[in-house]
Amino acid sequence: MDRFDAVVVGGGAAGLGAAYRMAENGLNVLLIERGENIGEKSVYGGRIYSWVFEEYVKGFRDAPIERWVRKERMTLLDEKESVSIEYSSDESCSFVANLTKFNRWLAERAEDAGALVISGIKVEDVKLNPAKIVADGDEIECDAVVIAEGVNPMLAMRLGLREDWKPEEVAVGVKEVFKLSEDEINSRFDVESDEGVANLFVGYPIFTHGGGFIYTNKDTVSAGVVVRVDSAMNNMIEVYDVVEKFRTHRDVAAFLKGGSMIEYSAHLVPEAGIKGIPNTLHKGNVMIAGDTAGFVLNRGFTIRGVDFAFYSGILAADSIKEAMDKGDVSSAGQIYEDKVRKSLILRELERFRKALDVLENTRFFDEYTRMMVGIMNGIFDVRKESNRLYDVVMDKTKGRKLRMVLDLLSAFRGL
Amino acid sequence: MESIENRLGLVSFTVDSESHIKPKEEKCDNCRLRVCLYVCPAKLYRLEEGKIYFNHEGCLECGTCRVACPEELEWEYPRGGFGVHYQFG
């Protein structure tokens, strides 16, 4: 059997970043994916920030991109009404993609570069000193292992690399995909064929940590709900049911009307930001990347994980290469640790440490969402006599102005 | 309205003969919270005559039950090649 410089566990964005980069750098790398095919265990909402692919992946413009996001919409929902803010631009820094297809494309690029990608096999164990993986009754020894097994850190936990997530540290995302014609999507969302919309929702139906989303693909629309697991537990939220409540709200249903549902999926999202990153990201020459390490940033307006995942894979690959070039391959894990701690990923997570406190405050998801919708109702609901803005705001904020101002200030600072 | 059964019918699975998730009967019997009944997005945990039943067919492999379960739930990813095959991840 070939001797591999490194083995990558998991064919998601993080693992593919590692395998692609190592292969590009001439390393002999093996990637093992448990799904029968690459991409079929990957699920996310729908949007990827493009910078890392533009910087690191040759031919990225040929990637299976559904639409470039040109419109960002934030919608506050209550039972019957909604308030939206839309930002529109002719430039875009992110795109909507089908992660199954996108990861498959990345895997092809990794293979073109010389990586060996094997799917349909689950890595059962990872061992240290020397680094090796156990799969299908075989042991494969190598110089370094990158664990990119996804959000459920089964191998990383067994190695003592991280503890399991607590319910307040992760959210469950549920997604439904609807088939619609490209023209219908263009006219319904008021975009051209390559242009897309990312719409996040707060409030109804959960009124607690989390919210809804809609992303436009080329000829499908993804819609769903994300709920923090502790909130689902404490509020007895039936997860399979809230996604239906969301879908059937008139201001959501309007976008999906006539579309037939073609897939239902679910996935956990790390939401603990900097607080969810374990103290060490490596043990010997075994390192963790992507969701396994918790590299996801939720700012309320935006959530990014796929770019961080891919980038952490790149950093792992570069660390292994650097260690080999130094003639001390055993230092790869420590180099990775140092690189990640100094990287954009940790800087971003650190910068938004306070966002965690803001997003912990359920008043934003319930009270203030209803208040804002109520103020709009007070302005626009004209039945003979109209209300002055001042009176509407005074009425809706009665007895909670100070707390609200303080909360808003914390949001301005944190987000 | 789309029942959860209909929604799961849209998803492709290769079902293993053995479950990758194993609730412990005596733990479930004494569990007061039973959050699995509503947090599982596929609604695979059912209560029948006071007992919790789990069916791994239709598991979306999200891991929510593992994180939410107050007891130690035996949870593994399915064997290689088995489980859900998403097409629109």
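Because the structure is a prediction, the values reported are computed rather than measured.

(A) Region of the structure containing the overall build of chain A. Each helix and strand counted, chain A has 15 helices and 19 strands in total. Scaling as 2.2 N^0.38, a compact globule of 415 residues should have a C-alpha radius of gyration of about 22 Å, and chain A matches this with 23 Å. C-alpha extents for chain A along the principal axes are approximately 85 × 45 × 35 Å. Counting all 415 residues of chain A, 60% fall into the buried class. Excluding contacts between residues fewer than 6 apart, the proportion of contacts in chain A whose partners are at least 24 apart in sequence is 72%.

(B) Looking closely at the packing of aromatic side chains. All names here are of chain A. The full count for this structure, using the stated rule, is 17 aromatic pairs over all chains. An angle of 85° between the planes, with centres 6.5 Å apart, marks the rings of F60 and W68 as edge-to-face. Note on F60: relative accessible area 3%, which makes it buried. Judged by relative accessible area, which is 14%, W68 ranks as buried. Aromatic rings pair up to connect F53, F60, W68, F95, F102, W105 and F310 into one cluster. Over the ring of W165 we find R162, and its NZ or CZ is 3.9 Å from the ring centre. For R304, the ring lying beneath its charged end belongs to Y49, and the centroid distance is 5.7 Å.

(C) Quick look at a nonpolar patch on the surface. Residue and element names in this part refer to chain A. A cluster of nonpolar side chains, namely I379, F380 and L389, defines an oily patch on the protein surface of about 320 Å² accessible area. Along the polypeptide, I379 turns up in helix α13 (residues 367–380). Given a relative accessible area of 31%, I379 falls into the partly exposed group.

(D) Layout of the interface of chain A and chain B. Between chain A and chain B, the contact holds 54 residues from the first and 37 residues from the second. Overall, the association of chain A and chain B removes approximately 3,800 Å² of surface from exposure, summing both partners, and the carbon and sulfur fraction of that is 55%. Three residues stand out in chain A for area buried against chain B, namely Y240(A), E263(A) and Y264(A), and they jointly supply 19% of the buried area on that side. Between E76(B) and R158(A) there is a salt bridge, and its shortest N-O distance comes to 3.3 Å. Along the contact surface separating chain A from chain B lie 30 residue pairs in polar contact (both at pLDDT 80 or more). Elements that contribute at least two residues to the side of chain A that touches chain B include exactly α3 (99–113), α4 (154–158), β11 (170–179), α6 (229–234), α7 (239–248) and β15 (260–270) of chain A. Considering every element that reaches the side of chain A that touches chain B, the biggest residue donor is β15(A), with eight residues.

(E) Quick look at the domain arrangement of chain A. Residue and element names in this part refer to chain A. For chain A, the assigned domains read domain 1 (4–46 + 97–165 + 272–342), domain 2 (168–270) and domain 3 (358–414). The C-alpha centroid of domain 3 is placed 25 Å from the C-alpha centroid of domain 2. Facing seven residues of domain 2, the contacting portion of domain 3 comprises nine residues. Here domain 2 meets domain 3 over a buried area of about 640 Å², counting both sides, of which 58% is carbon and sulfur. Counting the surface domain 2 buries against domain 3, the share from its top three residues, V202, F207 and H209, is 70%. Here domain 2 and domain 3 share one salt bridge between them. Between R228 and E360 there is a salt bridge, with its nearest N and O atoms 2.9 Å apart.

(F) Main features of the pattern of salt bridges. Residues and elements named next belong to chain A. A full pass over the atoms with the stated rule returns 53 salt bridges over all chains. Among the ionic pairs, E139 bridges to K127, the shortest N-O distance being 3.0 Å. Here the residue E139 occupies a position in strand β10 (residues 138–147), and K127 occupies one in strand β8 (residues 123–127), the gap between them amounting to twelve residues. Here K127 falls in the partly exposed class, since its relative accessible area comes to 32%. R304 serves as the salt-bridge partner of D307, at 2.7 Å between the closest nitrogen and oxygen. Summarising the burial analysis for this pair, D307 and R304 share the class buried.

(G) Quick look at the environment of W75(B). In this structure, W75(B) sits in strand β5 (residues 74–75). Judged by relative accessible area, which is 4%, W75(B) ranks as buried. For W75(B), the contacting residues outside a window of four places in its chain are N152(A), M154(A), H20(B), I21(B), E61(B), G63(B), C65(B) and R66(B).

(H) Region of interest: the side chain of E33(A). All names here are of chain A. Tracing the backbone shows E33 in strand β2 (residues 29–33). At 5.3 Å, R34 is the nearest oppositely charged side chain to E33, a buried residue that forms no salt bridge. Here G11 takes part through its backbone nitrogen, which lies 2.8 Å from a polar atom of the side chain of E33. When near neighbours in sequence (up to four residues on either side) are disregarded, E33 contacts G10, G11, G12, I38, K41, I118, S119, G120 and I121.

(I) Summary view of the packing of helix α1 (residues 13–24) of chain A against helix α9 (residues 306–325) of chain A. Residue and element names in this part refer to chain A. Their axes nearest at 7 Å, the elements α1 and α9 cross at an angle of 35°. The element α1 and its partner α9 pack so that their crossing is right-handed. Across the interface between the two elements, A13, A14, L16, G17, A18, Y20, R21 and M22 of α1 pack against V306, A309, F310, S312, G313, I314, A317, D318 and I320 of α9. Looking at the contact of α1 with α9 residue by residue, the classes come out as twelve nonpolar, three polar and two charged.

(J) Focus on the pairing of strand β1 (residues 4–9) of chain A. Residues and elements named next belong to chain A. By the criterion of burial, β1 is predominantly enclosed, with six of the six residues buried. Note: β1 against β10, five bridges, orientation parallel. By the bridge assignment for β10, F4 is matched with C142. Bridge count between β1 and β2: four bridges; the pairing is parallel. Within β2, the position partnered with V9 by the bridge is I32.

(K) Highlighting the environment of C28(B). In this fold, C28(B) is placed in helix α2 (residues 25–30). C28(B) sits 25 residues away from Y53(B) along the chain, and the two C-alpha atoms are 9.1 Å apart.

Thresholds, definitions, all that
- Residues numbered from 1 in each chain as written.
- Chains lettered and ligands numbered in written order.
- Predicted model: local features only at pLDDT ≥ 70, side-chain atom pairs only at ≥ 80, totals over all residues.
- Heavy atoms only, no water.
- Helix = DSSP H or I, 4+ residues; strand = E, 2+ residues; numbered from the N terminus.
- Rg over C-alpha atoms; globule rule 2.2 N^0.38 Å.
- Buried < 20%, exposed > 50% of the residue type's maximum accessible area, 1.4 Å probe, protein only.
- Contact = heavy atoms within 4.5 Å.
- Phe/Tyr/Trp six-rings, centres within 6.5 Å; stacked < 30°, edge-to-face > 60°.
- Lys NZ or Arg CZ within 6 Å of the ring centre and 35° of its normal.
- Patch = residues over 30% accessible without salt bridge, like charges linked within 9 Å, V, L, I, M, F, W, Y side chains within 5 Å.
- Areas by Shrake-Rupley, 256 points an atom, 1.4 Å probe, with all protein chains shown as cover.
- Salt bridge = Lys/Arg side-chain N within 4 Å of Asp/Glu carboxyl O.
- Buried area = accessible area lost by both parts, 1.4 Å probe.
- Polar contact = N/O pair within 3.5 Å; in protein donor to acceptor, adjacent residues only side chain to side chain.
- Domains from an automatic or database assignment.
- Lys, Arg positive; Asp, Glu negative; His and termini not counted.
- Axes fitted to C-alpha atoms, helices over the stretch in contact; angles between N-to-C directions.
- Left-handed = near helix turned anticlockwise from the far one by under 90°.
- Nonpolar A, V, L, I, M, F, W, Y, C, P; charged D, E, K, R; others polar.
- Pairing = 2+ DSSP bridges.

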